[in-house]
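Commentary on secondary and tertiary structure
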Amino acid sequence: MIVLMIEIDTNKYKKLLENELKIVTDELKSVGHINPSNPADWEANPPKDKEDDADENITADNIEAYEDNSAILKELEIRFNEIKVALQKITDNKYGICEKCGKQIEIERLDANPAAVTCIADMKH
Ligand SMILES: [Zn+2]
């Protein structure tokens, strides 16, 4: 059984996480959309064309824009999932426990990143 040294204000972090989740979700919507066949999956939007679908040649610019969207989407999806995991931990009363060593994560680390799942000593792994 882990004894917490400091009481973590989970309500505060829950609010921070929920706010960030909203922002990340909005950003996800700006570069992608939810996969219709898998609601847990996001797909990058194809580059915004000039409504000129007659030309089926994909230009290098378009490919680049699509790859940019994909890269941004991937980053956002990772963040989205981290926040989801952290919120789940709050629900499960496991929030703020380092996944590597089982110790309490430093408050300053949680303040810097409310979705952190490792303590400062373990964050470099
Ligand atoms: Zn640790």
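Residues numbered from 1 in each chain as written. Predicted model: local features only at pLDDT ≥ 70, side-chain atom pairs only at ≥ 80, totals over all residues. Heavy atoms only, no water.

1. With respect to the pattern of salt bridges
A side chain of one charge can pair with a side chain of the opposite charge when the charged atoms of the two come close. What the rule picks out here adds up to 4 salt bridges. Residue Asp111 pairs with Lys12 through a salt bridge whose shortest N-O separation is 3.1 Å. Here Asp111 is found in helix α3 (residues 107-112), whereas its partner Lys12 is found in helix α1 (residues 10-31), with 99 residues between them in sequence. Across the pair Glu20 and Arg79 runs a salt bridge, and its minimum N-O distance is 2.6 Å. Residue Glu20 is found in helix α1, and its partner Arg79 is found in helix α2 (residues 60-91); the two are separated by 59 residues along the sequence. A residue is classified by how much of its surface remains accessible, and Glu20, at 22% relative accessible area, is partly exposed. (Salt bridge = Lys/Arg side-chain N within 4 Å of Asp/Glu carboxyl O. Helix = DSSP H or I, 4+ residues; strand = E, 2+ residues; numbered from the N terminus. Buried < 20%, exposed > 50% of the residue type's maximum accessible area, 1.4 Å probe, protein only.)

2. A word on the packing of aromatic side chains
Here the distance between the centres and the angle between the planes together describe a pair of aromatic rings. One pass over the structure, following the stated rule, counts 2 aromatic pairs. Plain terms: the ring middles of Trp42 and Phe80 are 6.4 Å apart, the flat faces sit at 70 degrees to each other, and that makes the pair edge-to-face. Linking Trp42 in strand β2 (residues 42-44) with Phe80 in helix α2, this pair joins segments that are 38 residues apart in sequence. (Phe/Tyr/Trp six-rings, centres within 6.5 Å; stacked < 30°, edge-to-face > 60°.)

3. Examining the coordination of the zinc ion
All of the protein donors around the zinc ion are Cys98 (SG), Cys101 (SG), Cys119 (SG) and Asp122 (OD); their distances to the metal are 1.8 to 2.3 Å. What the 4 donor atoms of the zinc ion show is an angle range of 103 to 119 degrees at the metal, which sorts the shape as tetrahedral. Along the chain, the residues that donate to the zinc ion are spaced as C-x2-C-x17-C-x2-D. Linking Cys98 in the loop between α2 and α3 with Cys119 in the segment after α3, this pair joins segments that are 21 residues apart in sequence. (Donors = N, O, S within 2.8 Å, 3.2 Å for Na, K, Ca; no water. Tetrahedral: all angles 85-135°; square planar, octahedral: opposite > 155°, others 65-115°.)

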